[in-house]
Amino acid sequence: ARAPLPPLASLTFEAARQKTTVVEQPAPPQQRKAWRPALDASGFAVFADVVQRFAAENDVLYAPKPNRTHDGKQLYAFGRATIYLDRNVTFVKRGDGYVPVALEDLLAQDA
């Protein structure tokens with residue numbers, strides 16, 4: 001059986017706080033939503049989304065260069081490099097031209 005509660009008016013806030021035990025429940029771990037790239041009509045990942053995610057995960061600037069294209073393809077800044085994407089291949093500016101490069105190699109070059 002419980003002890004009777006004293007009248008509310010006779011309790012001060014501090015006295016009530018001292019008589020009360022508060023058990024804090026740990027916050028549930030936040031579940032990260034799994035990243036899913038956009039898919040093209042064939043069900044394959046859109047390469048630009050993969051490149052954007054790769055840059056974000058490695059804290060590298062990845063942004064379009066306004067009004068700049070090469071062979072009709074949008075140019076992007078990837079860190080200090082200038083790149084464009086064509087058929088799921090990344091091309092980086094080298095001298096007067098562009099050469100294919102792996103994202104990991106591009107990251108190493110920017111370091």
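Before going into details, it helps to say that this report is about the structure given with it. The residue count restarts for each chain, going from 1 along the sequence in the order it is written. For a predicted model such as this one, the threshold for reporting local features is a pLDDT of at least 70, and the threshold for listing and counting side-chain atom pairs is 80 or more; totals across whole chains, interfaces and linings nevertheless cover every residue. Excluded from the side-chain calculations are hydrogens and water; all other atoms, namely the structure's heavy atoms, are used.

### Here we look at the overall build of the chain
Quick note on the threshold: Here a helix means four or more residues in a row that DSSP labels H or I, a strand means two or more in a row labelled E, and each is numbered from the N terminus. To sort residues, take the accessible area from a 1.4 Å probe on protein chains only and compare it with the maximum for the residue type: under 20% means buried, over 50% means exposed, and anything in between is partly exposed. Only heavy atoms enter the contact rule, under which two residues are in contact if any of them lie within 4.5 Å. Exposure was quantified through the Shrake-Rupley algorithm and a 1.4 Å probe, taking into account, for residues, occlusion by the shown protein chains and nothing else.
When helices and strands are counted, the chain shows three helices and five strands. In the chain, the succession of α and β elements from N to C terminus is α-α-β-β-β-β-β-α. Relative to its 111 residues, the chain shows a buried fraction of 22%. Sequence separation of 24 or more characterises 24% of the internal contacts of the chain that already satisfy a separation of 6 or more. For the chain, the exposed surface amounts to about 9100 Å²; the carbon and sulfur share of it is 54%.

### Concerning the pattern of salt bridges
Our working definition: By salt bridge we mean one thing: a side-chain nitrogen of Lys or Arg within 4 Å of a carboxyl oxygen of Asp or Glu.
Enumeration over the complete set of coordinates arrives at two salt bridges. For glutamate 57, the salt bridge is made with arginine 53, and the minimal N-O distance between the two is 2.8 Å. Taken together, the positions of glutamate 57 and arginine 53, both in helix α2 (residues 47–57) and four residues apart, correspond to about one turn of that helix. Residue glutamate 57 is classed as exposed on the basis of its relative accessible area, which comes to 53%.

### Observations regarding the pairing of strand β1 (residues 62–70)
Within a regular strand, side chains alternate between the sheet's two faces. Our working definition: Strands are labelled as partners when DSSP assigns at least two bridges between them.
In the sheet, β1 pairs with strand β2 (residues 73–78) via five bridges, with the strands oriented antiparallel. Residue pairing for β2: proline 64 is matched across the bridge by tyrosine 76. Here β1 folds back onto β2 in antiparallel fashion, the turn holding two residues, of which aspartate 71 has a positive phi close to 50°.

### Focus on the environment of alanine 48
Examined against the element boundaries, alanine 48 turns out to sit in helix α2. Once the C-alpha coordinates of alanine 48 and asparagine 88 are considered, the two residues, 40 residues apart in sequence, prove to be 8.0 Å apart. Residues in contact with alanine 48, not counting those within four places in the same chain, are Tyr62 and Leu85.

### Things to note about the nonpolar core
Put simply, the test is: Note on terminology: a nonpolar core comprises buried Ala, Val, Leu, Ile, Met, Phe, Trp, Tyr and Cys residues joined through side-chain atoms within 4.5 Å.
If you look at the biggest cluster of nonpolar residues, it comprises 15 residues, and the most contacted ones within it are Val51, Tyr62, Phe78, Ile83, Leu85, Val92 and Leu106. Examining the composition of this core, we find that four residues originate from one element, α2, more than from any other.

### Quick word on unusual backbone geometry
Here the phi dihedral of asparagine 67 falls at roughly 60°; this positive angle occurs in a residue that is not glycine. Tracing the backbone shows asparagine 67 in strand β1. Positive phi is not limited to glycine here, since aspartate 71 has a value of about 50°.

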